[in-house]
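# Notes for the structure review
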Amino acid sequence: MVGHCLGLVGAVVRQALLWTACLSGALLSGGAQADKVVEPHFVLTEEHHHVVPHLVNFARQGVLRSHRNAPLTDFKNIDGAVLVHLDSHADGNLPAHMAATMRENLPAEGPETYDLLRHTCINDFLLLLGYMGIVEHIIFVEPPWSPLMEEVHSITVDISIGVSLEDDEEDPNREDDSLTNEEGYPLMYASIHSPLLDDPAPRKEALEEAIGRFSSMMDTEVVLDHEDLMKRCGKIRTIRFTVLPYEGAAHTLISLLDKEGLEKDIILDVDLDGFGTTSPGAMAMHDAIPSYEDLMRVYHTAHNLCDMDPNYWEQLLENNSKPECTQELSLVHGPPFQAEMPDGFRISGKTKRRINSLSHRFMPGDVYESVEEVLEFYSSSITDNLRGKFAIAMDAFLTQPFHIEERTIEPIIDYWHEVFKTVFVGNRVPAVIHVVRSPFYTPHHHLDSIECKALDALLDVFGPGAGVFHAKEVELNRTGCGNKFPLKLQHDIGEHVHLDPTPWARNVHDAFYWGYDDEDGPGDGDGNAKNPILMKFVNQHEVDIVLSSEGERLNIAPGSKKVTRARHLSKWDLHLASEPKSPIHSLTIDEEEGRKQSFGSMDGTIPVKDETPVYMDITNPDDSETDVEVRFVDEDEETESFVAVLAPGDTHGTMTFHGHRFALYALSDDDHEHIMGEVTVDATDGDVQEVVMFEDEL
């Protein structure tokens, strides 16, 4: 996953979950000595790290019978579960910090369980589960479109994890501020080792490279030598991490799971982005390159990938080995990119420099030239939609897994359906099965299809088991698939509050845009974006007012406005400059109101305007017989700026906001333009909208 958590950080729950009422009689209460659980317990979440509280409760209740709360002294919890991780991302980062109480025990029952979400996010929850002793062996099966861990396929390493000591008794020369973060939580560290390194084996060099790859996946600053880890942390827990390719996955999984022994519990961890995936970088690039086929060609060319069409998955299913590699999607090995350049086409010098400044110039010359040809064709759209964010977006796009091809969804799930039927039978039936929707990574326009087909495959193999467990915040039937479980087996476990909840309904909103800006870079390192919400405050009084929040203070003159950055749930006071202790209004910023918001100082005008993000396609139909120019109307500047020229049959897609206006002009052969009308964006019509000229009332 990306190195930051895009603002998805956990919080304290104010209400304990009613687990006892939800868990069926199938839950075992005998702890580690109870009979083996045979009915899978399904868990449905939106974000991946939200499985953590569920698993803590399952361990406490006995569903994960193997967990034992043993002392943490260089301890490998051999009874911890095996977690089979089906995902486009390894999610193997190390949590930055942890509550000191977690060194010894599982969190106390109730709100403390959910406070765990303060310490984890979507890309580091696996090692947190390892540190708590719930999971002992993580097996990540990486899809063929992921470029992240290919170098370490079929390799297992030991990862030892510890929390820094609360004092300096072990190392009096170490500075205090190296032990905790700014909130006072102890920091986490790790060491990585493979027992095979102790032998003079031919693979020693490969294993050393693999350990380096795992270290970079986490953060090299937190990876220590094992002796240093023991000295800094005192008490540690060691887990195993294995990476497998899809090829031969069924055979290898059977072999690995059978070696674990009958007493091991199994967790089947299914992220739906493992059947098709996008990323914030890809979402940003899609604004500039609206053709998914062209994006796929760029991605496949940059990474020299094989085509993954339905035939690829049929071969993989039949032979359980690497399919024959065809490269029709490649811009180098496949058909050339043949888009016609419009008359008068030219690339601005600034856009040309942006394309030439890509950090991926390490690509071979013919590869880069092919990619550059596509980027130059879309240069106008790149300038209009990305501007200074192009290099960041392109880098994020090419370094994260990407695969969006509707015709392959069913073949991919069919492949895993057969793997499930082959592997997870007899004593290898999972105790827990996660189904994770993953906003911003599972393509929103395919989520319904992916979730329904995946649930069909899982239910066909395992049946409904003990049912599906979900927090109150998760709308079970959001995709129309949750009701595949009988009503009596749908367990709403209660409210599950956490900081910065993502507005799931706005899953088309591109977090990439508001996660960082050109100058500031990506966030503050604690999962908080530096510019998450843009706030405009308007002084409608005839005297100066002051806006203040957590030490920040803005003076606003009469009739003026100020734009600033605000965090979700941050509190702001507006008061007259002459009366600093008597607020006119006290505001709490809620990201549910949009990523750009405006507030006025007069009573009854808060908010002035809710600028909620909307993704809009503007289409000039095939039979229009005229080119149409789209311009953005800037009310503040009283100007219009060029957006795009659409020939008959063209569509221009853009991320815009509620209240924005676009003027449409018909262009005649003699270069005269005729105003056709305007489009005003109305967010109440939905997050994704389409305007078709000549068919819609403008």
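Right, let's walk through the structure included here. None of the values given here were measured: they were computed from a predicted structure.

### What about the overall build of the protein chain?
- Within the protein chain, the secondary structure is distributed over 17 helices and 26 strands.
- The buried share of the protein chain, reckoned over its 698 residues, is 57%.
- Intrachain contacts of the protein chain at a sequence separation of at least 6 include 75% that bridge at least 24 residues.
- For the protein chain, the computed accessible surface area is about 29400 Å², with 47% contributed by carbon and sulfur atoms.

### Considering the packing of aromatic side chains
- In total, this model carries 19 aromatic pairs according to the counting rule given.
- Relative to F485, the ring of F42 lies with its centre 5.0 Å away and its plane at 70°, an arrangement referred to as edge-to-face. On the criterion of sequence distance, the pair formed by F42 in strand β1 (residues 41-45) and F485 in the loop between β10 (468-470) and β11 (490-492) is long-range, its members being 443 residues apart. Take F42 and F485: they sit in the same class, and that class is buried.

### Remarks on a negative patch on the surface
- Together, E150, E151, E208 and E209 make up a region of like negative charge exposed at the surface.
- Tracing the backbone shows E151 in the loop between β4 (135-142) and β5 (155-163).
- Given the relative accessible area of 63%, E151 is considered exposed.

### So, helix α10 (residues 310-319)
- The set of residues buried in α10 consists of Y312, W313, Q315 and L316. Projected onto a plane normal to the axis of α10, the buried residues spread over an arc of 160° and lie on a single side.
- Buried residues along α10 sit in contact with α15 (409-423).
- Trailing α10 by a residue or two, N320 shows a phi angle of about 55°, which is positive.

### A short note on the pairing of β1
- In terms of burial, β1 is largely enclosed, as 5 of its 5 residues are buried.
- On β1, burial covers both faces: H41, V43 and T45 on one face and F42 and L44 on the other are all buried.
- Here 5 bridges tie β1 to strand β9 (residues 432-436), and the two strands are oriented parallel to one another. Counterpart to H41 in the pairing with β9 is V432.
- Inspection of the sheet shows β1 paired to β10 by 2 bridges, in the parallel sense.

### Brief notes about the sheet that holds strand β25 (residues 673-680)
- Pairing is antiparallel in the open sheet, where 4 strands are placed in the order β22-β21-β24-β25. Two strands lie at the open edges of the sheet, namely β22 (639-646) and β25, each paired on one side alone. Going from strand to strand, the sheet's axes swing by 25° on average, the running direction of each strand aside.
- Summarising the sheet, strand β21 (residues 627-634) and β22 pair through 7 bridges and their orientation is antiparallel. In the strand pairing of β22, F632 is matched with S641.

### Re the state of the cysteines
- Enumeration according to the criterion identifies 2 disulfides in this entry.
- With a sulfur-sulfur separation of 2.0 Å, C306 is cross-linked through a disulfide to C325. Torsion about the S-S bond of the C306 and C325 cystine: about -110°, corresponding to left-handed handedness. Of this pair, C306 sits in the loop between α9 (292-303) and α10 while C325 sits in the loop between α10 and α11 (349-356), and the two are 19 residues apart along the sequence.
- Note that C452 is cross-linked by a disulfide to C481, the S-S spacing being 1.8 Å. Torsion about the S-S bond of the C452 and C481 cystine: about -80°, corresponding to left-handed handedness. Taken together, the positions of C452 in helix α16 (residues 447-462) and C481 in the loop between β10 and β11 put the pair 29 residues apart, joining distant regions of the chain. One exposure class covers both C452 and C481, and it is buried.

### Here's the deal with the packing of α10 against α15
- Viewed as axis vectors pointing N to C, α10 and α15 meet at an angle of 10°, and their least axial separation amounts to 9 Å. Viewed along their axes, α10 and α15 adopt a mutual orientation that is roughly parallel. For the pair α10 and α15, contact is made by P310, W313, L316 and L317 and by P411, I412, D414, Y415 and E418, respectively.

### Comments concerning unusual backbone geometry
- If you check the backbone angles, N304 has positive phi at about 55° while not being a glycine.
- With respect to the helices and strands, the residue N304 is situated in the loop between α9 and α10.
- The class for N304 is exposed, based on a relative accessible area of 51%.
- A positive phi is found at F440, a non-glycine position, where the angle reads about 75°.
- One can find F440 in the loop between β9 and α16.
- Note on F440: relative accessible area 9%, which makes it buried.

What counts and how
- Residues numbered from 1 in each chain as written.
- Predicted model: local features only at pLDDT ≥ 70, side-chain atom pairs only at ≥ 80, totals over all residues.
- Heavy atoms only, no water.
- Helix = DSSP H or I, 4+ residues; strand = E, 2+ residues; numbered from the N terminus.
- Buried < 20%, exposed > 50% of the residue type's maximum accessible area, 1.4 Å probe, protein only.
- Contact = heavy atoms within 4.5 Å.
- Areas by Shrake-Rupley, 256 points an atom, 1.4 Å probe, with all protein chains shown as cover.
- Phe/Tyr/Trp six-rings, centres within 6.5 Å; stacked < 30°, edge-to-face > 60°.
- Patch = residues over 30% accessible without salt bridge, like charges linked within 9 Å, V, L, I, M, F, W, Y side chains within 5 Å.
- Salt bridge = Lys/Arg side-chain N within 4 Å of Asp/Glu carboxyl O.
- Lys, Arg positive; Asp, Glu negative; His and termini not counted.
- Charge placed at Lys NZ, Arg CZ, Asp CG, Glu CD.
- Arc of directions from axis to C-beta.
- Pairing = 2+ DSSP bridges.
- Axes fitted to C-alpha atoms, helices over the stretch in contact; angles between N-to-C directions.
- Disulfide = S-S within 2.5 Å.
- Parallel < 35°, antiparallel > 145°, perpendicular 65-115°, else oblique.

Limitation: the analysis is restricted to geometry and does not speak to function.
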